[in-house]
Amino acid sequence: MSRIRKAFEGGKAFIPFVTCGDPDLETTERIVKSMAAAGADVIELGIPFSDPVAEGPVIQAANVRALSGGVTTDKILDMTARIRGDIDVPLVFMTYANVLFSYGTERFLKRARDAGIGGVILPDVPFEEKAEFAPLCRKYGIDFISLVAPTSKERIEMIAREAESFLYCVSSLGVTGERSRITSNISEMTALAKKVSDIPAAVGFGISTPAQAREMAALSDGVIVGSAIVRLIGEYGRDSEKHVYEYVKSMKEAIKNI
Amino acid sequence: MAKGRYGIHGGQYIPETLMNAVSELEAAYDKYKNDADFNRELEALLNEYAGRPSLLYYAANMTRDLCGAKIYLKREDLNHTGSHKINNVLGQTLLAKKMGKTRVIAETGAGQHGVATATAAALMGLECEIFMGEEDTKRQALNVYRMRLLGATVHTVKSGTATLKDAVSETMREWTARMDDTHYVLGSVMGPHPFPEMVRDFQSVISKEIKEQMIKKEGRLPDAVIACVGGGSNAIGAFYHFIEDKSVRLIGCEAAGLGIDTPSTAATIATGREGIFHGMKSYFCQDEYGQIAPVYSISAGLDYPGIGPEHAYLHDIGRAEYTAITDEEAVEAFEYLSKTEGIIPAIESAHAVAYAMKLAPTMDKDKIIVINISGRGDKDCAAMARYRGEEIYE
């Protein structure tokens, strides 16, 4: 069993996201450590991309801040290797296909493995295109994490059957970003997945409040939060570490004992 | 490997949320593309509404002036709405109607595709929203007004470089949020399968007509077909029925902007490399880490960092040639065609005219060149005047 999957064994998992290099990598490093200290079960490290088509305005803006600050894939890989020595929480990369492809997918995955990365999430690589990435991920012991969406319907079984680590359930139509209400039928999505696989399912997109986290955790095995954290970082910049710590702690607390 | 490949290019690199919408589109297109009734309806729209077939005009003055190959102009600028974009838009909106969609969304660069989409939406009673980069809404203010006049809502896109690529990203995001009642009328031979194939099929009427008209006028095929290339829809339309005719040179003209050795360029084949973006694998202008480059061209319609996957393939196998034309060369050609033939071409199409001006004098007088005049230049007049230092107001 992969380390990421194990992270779901101690109750509902909380999975925070951070855009690497926003506003700089030194801050990211401190934020990731504070997320781990606050009880994060898995941490998603976003490698910024110039044109992130699955992201809403908050994470788009973070990508712009990070890239204009001069962050690169190489610098992020170096940072990851550094943090790996200090924390024990499983780390996954979330980025876009061209970031891997352009670096050389195999070269990227080899370096990612050496940096201690356990999984990758590529929102612009659907099931139909994963053969280009998933086998290479496997070669380097990295899980290729698949997404299902409210529109996936009959595709869910096909995707869940081959899913690794955990199934990323996209809660809502549209792009990433906080939403006041989540209206999709999450339990129907997770039920379809559970029919063919015992893989944990974590819900992401649109979740920002402890109440939403509780609601989503009751229907799944974990909760992923991106934009709400990135918004905090946008607001507090280099001083966001303690705000992120408090936030992650409150969210983790909210989904305890569900 | 997924469907819709042209060699290694193409594919469907899109978020899972869109996969069923794209599959639904693919199934609908497969059903209707060979449907007699659908094709009859489309042909009627193209002929009765858009004004097809477009003329193949012998440019006698230009031919005489350049002292080389005979030059013909394929007059897509004479279509309703003023460019080739209407060919694809009528096909896609008719298909959207058949699919039961009530709303269409589209990106636009120069505004030609947005105007064509807003026009077809008005004709067919569809709700219409257009996404246009802020930079382009300034360069092409008249087209913004035209779209609004036609009943469309125009969204100004401020993200990224605020040009065509950002308009495409934003339209994709909008489609991800609402697809039940909405069809994305993609304007070029790009994006995920089935768009590159479908748009090419709808635009291939251009080369079908050129072939028939040329046989009628000259009794033979042309020696070269020249078209400008951004995403590449008018070029693939002009090339398609000649791909098997190896004697016909197919030449795509990219926008070099200030020059391919400067960062201010949009010439993808000349300066890009293989990548994955906007749903497809193809050539893209990008940095060493795969970040998409902020490209530049005087022409809003060619100001795009990628090229359609079928062009990438035609380049790989050497069937089509791609060359880059600078802003200055394009503006000269814009002025040249206006003065020589009394035809004001779109600044996009002027890139093709510029290359023909270089090529024709090197060819014998019994050779024949066809230039695809993909659009008319009225929309560019104010910007061209400004380029020449004359402040005029629309």
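Residues numbered from 1 in each chain as written. Chains lettered and ligands numbered in written order. Predicted model: local features only at pLDDT ≥ 70, side-chain atom pairs only at ≥ 80, totals over all residues.

## Observations concerning the overall build of chain B
Along the backbone of chain B there are 16 helices and 14 strands. Relative to the compact-globule value of 21 Å for 394 residues, chain B shows a C-alpha radius of gyration of 19 Å, a close match. Seen through its principal axes, chain B has C-alpha atoms that stretch 55 × 45 × 45 Å. Split into buried and exposed, the 394 residues of chain B put 64% on the buried side. (Helix = DSSP H or I, 4+ residues; strand = E, 2+ residues; numbered from the N terminus. Rg over C-alpha atoms; globule rule 2.2 N^0.38 Å. Buried ≥ 20, exposed ≤ 12 C-beta atoms within 10 Å, placed from the backbone.)

## Topic: the overall build of chain A
Across its full length, chain A carries 12 helices and 9 strands. A principal-axis box enclosing the C-alpha atoms of chain A has dimensions of 45 × 40 × 30 Å. Burial status across chain A gives 60% buried among its 258 residues. Long-range pairs, those at least 24 residues apart, make up 75% of the contacts in chain A between residues at least 6 apart in sequence. (Contact = placed C-beta atoms within 7 Å.)

## Overview of unusual backbone geometry
Cis rather than trans, the peptide bond between Arg52 of chain B and Pro53 of chain B has omega equal to -10°. As for its placement among the helices and strands, Pro53 of chain B is situated in the loop between helix H2 (36-49) and strand E3 (56-58). Residues His193 of chain B and Pro194 of chain B are joined by a peptide bond in cis, for which omega reads 15°. Of note, Lys153 of chain A is a non-glycine position whose phi angle comes to about 40°, a positive value. On the secondary structure map, Lys153 of chain A appears in the loop between strand E6 (147-148) and helix H8 (155-161). Residue classification places Lys153 of chain A among the partly exposed positions, given that 13 C-beta atoms sit within 10 Å. The phi dihedral of Ser165 of chain A falls on the positive side, at around 70°, and the residue is not glycine. Checked against the element boundaries, Ser165 of chain A lands in the loop between H8 and strand E7 (167-170).

## Considering the interface of chain B and chain A
With 29 residues of chain B at the contact, the number on the chain A side is 33 residues. At the level of elements, strand E2 (9-13), helix H1 (16-32), helix H8 (164-177) and strand E11 (273-277) of chain B are the ones that each hand at least two residues to the side of chain B that touches chain A. Broken down by element, the residue count for the side of chain B that touches chain A peaks at 6 residues, all from H8 of chain B.

## Things to note about the nonpolar core
Generally speaking, soluble globular proteins have nonpolar side chains that are buried together. In terms of nonpolar packing, the biggest core is built from 225 residues, with Val223 of chain A together with Ile226, Ala356 and Ile369 of chain B touching the most fellow members. Here this core takes 9 residues from helix H15 (residues 347-359) of chain B, the largest share from any one element. Two domains each donate at least three residues to this core, and these are domain 1 (5-46 + 85-199) and domain 2 (51-82 + 205-387) of chain B. Contacts of Ile369 of chain B, omitting those with residues within four sequence positions, involve Ala69, Ile71, Pro222, Asp223, Ala224, Ile226, Ala356, Leu359 and Ala360 of chain B. (Core = buried A, V, L, I, M, F, W, Y, C linked by C-beta atoms within 7 Å. Domains from an automatic or database assignment.)

## Focus: H8 of chain B
The end-to-end C-alpha separation of H8 of chain B is 20 Å, in line with the 20 Å expected for 14 residues at 1.5 Å each. With 13 of 14 residues buried, H8 of chain B is to be regarded as a mostly interior element. (Expected span 1.5 Å × (residues − 1).)

## Description of the confidence of the model for chain B
Averaged over chain B, the pLDDT score is 96; the fraction of residues at 70 or greater is 99%. At the level of chain-chain contacts, confidence expressed as ipTM amounts to 0.97, with global pTM at 0.97. (pLDDT = per-residue confidence, 0-100.)

## Topic: the sheet that holds strand E6 (residues 127-133) of chain B
Residues and elements named next belong to chain B. Reading across the sheet, the 4 strands line up as E7-E6-E5-E8 and stay open at both edges, with parallel pairing between neighbours. Only two strands of the sheet have a single partner each, and these edge strands are strand E7 (153-157) and strand E8 (182-184). If you compare each strand with its neighbour and ignore which way they point, the axes differ by 20° on average. With 5 bridges connecting them, E6 and E7 associate as parallel partners. Bridged to Gly133 within E7 is Val157. (Pairing = 2+ DSSP bridges. Axes fitted to C-alpha atoms, helices over the stretch in contact; angles between N-to-C directions.)

## Brief notes about helix H4 (residues 85-98) of chain B
All names here are of chain B. Between its first and last C-alpha atoms H4 spans 20 Å; for 14 residues at 1.5 Å apiece the expected length is 20 Å, and the two agree. When you tally the buried positions in H4, you get 12 out of 14 residues, the bulk of the element. Among the residues trailing H4, Gly100 stands out with phi positive, at a value near 80°.

## Observations regarding the packing of H2 of chain B against H4 of chain B
Residue and element names in this part refer to chain B. Following both chains from N to C, one finds H2 and H4 inclined at 140°, their axes separated by 10 Å at the closest point. Classified by the angle between their axes, H2 and H4 sit oblique to one another. Seen along the crossing, H2 lies across H4 with a hand that is right-handed. Contacts from Phe38, Glu41, Leu42, Leu45 and Leu46 of H2 reach H4 at Asn87, Leu90, Gly91, Leu94 and Lys98. (Parallel < 35°, antiparallel > 145°, perpendicular 65-115°, else oblique. Left-handed = near helix turned anticlockwise from the far one by under 90°.)

## Notes on the sheet that holds strand E12 (residues 279-284) of chain B
Residues and elements named next belong to chain B. Taken in spatial order, the 4 strands make up an open sheet running E1-E2-E12-E11, and their pairing is antiparallel. Looking along the sheet, the strands with just one partner apiece sit at the ends: strand E1 (5-6) and E11. Two strands pair when backbone bridges link them, and E2 and E12 are joined in this way by 2 bridges, in the antiparallel orientation. Looking across to E12, one finds that Gly10 is bridged to Lys281.

## Re the environment of Glu215 of chain A
All names here are of chain A. Counting through the fold element by element, Glu215 comes out in helix H10 (residues 210-218). Taking the number of C-beta atoms within 10 Å as the measure of exposure, Glu215 has 18 and is therefore partly exposed. Considering only alpha carbons, one finds Glu215 and Ile182, 33 residues apart in sequence, at a separation of 9.7 Å.

## Focus: the domain arrangement of chain B
Residues and elements named next belong to chain B. Each assigned domain of chain B is listed with its residue range as follows: domain 1 (5-46 + 85-199) and domain 2 (51-82 + 205-387). Summarising the inter-unit geometry, the C-alpha centres of domain 1 and domain 2 are found 22 Å apart. Contact residues are listed per partner, giving 39 residues for domain 1 and 37 residues for domain 2. At the level of elements, E2, H4, helix H5 (112-124), helix H6 (134-139), helix H7 (141-149), H8 and helix H9 (195-203) are the ones that each hand at least two residues to the side of domain 1 that touches domain 2. No other element matches the 5 residues that E2 contributes to the side of domain 1 that touches domain 2.

## A short note on the pairing of E11 of chain B
Residues and elements named next belong to chain B. Where E11 meets E12, 5 bridges bridge the pair, whose relative direction is antiparallel. Paired with Gly275 across the strands is Ser282, a residue of E12. Between E11 and E12, which pair antiparallel and follow one another directly, the connecting turn spans 1 residue, one of which, His278, has a positive phi of 50°.

## Regarding the packing of H4 of chain B against H5 of chain B
All names here are of chain B. Direction vectors running N to C along H4 and H5 enclose 40°, while the axes themselves pass 9 Å from each other. Here H5 runs oblique to H4, going by the angle between their axes. The two elements H4 and H5 meet at a crossing, and its hand is right-handed. Two secondary-structure elements touch here, H4 through Lys85, Ile86, Val89, Leu90, Thr93 and Lys97 and H5 through Gln112, His113, Ala116, Thr117, Ala120, Ala121 and Met124. A breakdown of the residues in the contact of H4 with H5 according to their chemical character gives 7 nonpolar, 4 polar and 2 charged. (Nonpolar A, V, L, I, M, F, W, Y, C, P; charged D, E, K, R; others polar.)

## Let's talk about the environment of Ile87 of chain A
Residue and element names in this part refer to chain A. Looking at where Ile87 falls in the secondary structure, it is placed in the loop between helix H4 (73-84) and strand E3 (91-94). Sequence-wise, Ile87 and Ser34 are 53 residues apart; in three dimensions their C-alpha atoms are separated by 9.8 Å. Residues contacting Ile87, with those up to four places away along its chain left out, are Lys33 and Ala36.

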